[in-house]
Amino acid sequence: DAGITQSPRYKITETGRQVTLMCHQTWSHSYMFWYRQDLGHGLRLIYYSAAADITDKGEVPDGYVVSRSKTENFPLTLESATRSQTSVYFCASSDGSSGGDEQFFGPGTRLTVL
Amino acid sequence: RKEVEQDPGPFNVPEGATVAFNCTYSNSASQSFFWYRQDCRKEPKLLMSVYSSGNEDGRFTAQLNRASQYISLLIRDSKLSDSATYLCVVNFSGGSYIPTFGRGTSLIVHP
């Protein structure tokens, strides 16, 4: 199916475990983003990538690692999950050659860290 | 202080009303501006881009005021289906493409 997908959609894990959230897009968009959304904070940018093998930190990168070896995939890893990382995580992509294009969001992953 | 500010609301309006939201931004190097709509527990979706000259799409009108550093969204003839959270997004330039979201404004349209 064309579009942007995230997996898993729901995840429950324990403190200290490593968790990887997957994001896949089929449009060959150059830009990809990871956000977390929490009540009272709105959407906050964790990491973004302008192209394969190029990643950069957003507003709240601590505790997260990303990679982008292929244009279509942008996994987000929580190396040692903490309760404060309980959140809804959205991946997005954009064909942002000028940096100002529409972002398309995946359906989100709801992560609970116990 | 967040770089993009929105009144969280909720704005509670009757069907048929006109409602307006503002969003202020602090970085004068901002490059592009958008309004997104987010329904409860769903992903955000683009409502409209905001151009310097202002733009209209049916019942929705967006405007940009660079001098005062704010964008606005006007919804005319509100429908029940307009109930959602409206997110302001500002893309800052300066070597990197960094989109920043406001916290959103909640709109509730009642019969």
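Let me sum up the structure you'll find in this document. Every value quoted in this text rests on a predicted model; they were computed, and no experiment measured them. Along each chain, residue indices are assigned from 1 in the same order as the chain's sequence is written. A letter from A marks each chain and a number from 1 marks each ligand, given out in the order of writing. Owing to the predicted nature of the model, reporting of local features is limited to residues with pLDDT of at least 70; listing and counting of side-chain atom pairs is limited to 80 or more, with chain, interface and lining totals taken over all residues. Hydrogens and water molecules were not included; the side-chain quantities draw on all heavy atoms of the structure.

**Points about the overall build of chain B**
Part 1: Each helix and strand counted, chain B has zero helices and eleven strands in total.
Part 2: Each helix is a run of DSSP H or I of at least 4 residues and each strand a run of E of at least 2, with the numbering of both proceeding from the N terminus. Counting from the amino terminus, helix and strand elements in chain B follow one another as β-β-β-β-β-β-β-β-β-β-β.
Part 3: Our radius of gyration is a C-alpha quantity, and the globule rule it is checked against amounts to 2.2 Å times the number of residues to the power 0.38. By the compact-globule yardstick of 13 Å for 111 residues, chain B fits well, its C-alpha radius of gyration being 14 Å.
Part 4: When its C-alpha atoms are laid out on the principal axes, chain B stretches across 45 × 30 × 20 Å.
Part 5: Using a 1.4 Å probe on the protein chains alone, a residue whose accessible area is under 20% of its type maximum counts as buried, one over 50% counts as exposed, and one in between counts as partly exposed. A burial count over chain B gives 46% of its 111 residues as buried.

**Digging into the nonpolar core**
Part 1: Ranked by size, the top nonpolar core spans 24 residues in total, and within it Phe21(B), Trp35(B), Ile71(B), Leu73(B), Ile75(B), Tyr86(B) and Leu107(B) carry the most contacts.
Part 2: With five residues, the top contributor of residues to this core is strand β9 (residues 84-92) of chain B.
Part 3: Contact criterion: two residues are considered in contact whenever any of their non-hydrogen atoms come within 4.5 Å of each other. In this structure Leu107(B) touches Phe11(B), Val13(B), Val19(B), Phe21(B), Ile75(B), Asp82(B), Ser83(B), Ala84(B) and Tyr86(B), once residues within four positions along its chain are discounted.
Part 4: Residue types Ala, Val, Leu, Ile, Met, Phe, Trp, Tyr and Cys, when buried and joined through side-chain atoms within 4.5 Å, form a set referred to as a nonpolar core. Ile4(A), Val19(A), Cys23(A) and Val66(A) belong to the second-largest nonpolar core, a separate cluster that totals 19 residues.

**Description of the pairing of strand β8 (residues 70-75) of chain B**
Two faces make up the sheet, and in a regular strand the side chains alternate between them.
Residue and element names in this part refer to chain B.
Part 1: The criterion for strand pairing is that DSSP finds at least two bridges linking the strands in question. Bridge count between strand β3 (residues 19-25) and β8: six bridges; the pairing is antiparallel. In the strand pairing of β8, Asn22 is matched with Ser72.
Part 2: Note that strand β7 (residues 60-65) and β8 share six bridges and pair antiparallel. Along β8, the bridge assignment pairs Ala62 with Leu73.
Part 3: Between β7 and β8, which follow one another and run antiparallel, lie four residues, and Gln69 among them has a positive phi close to 60 degrees.

Coordinates in, geometry out; function isn't part of it.
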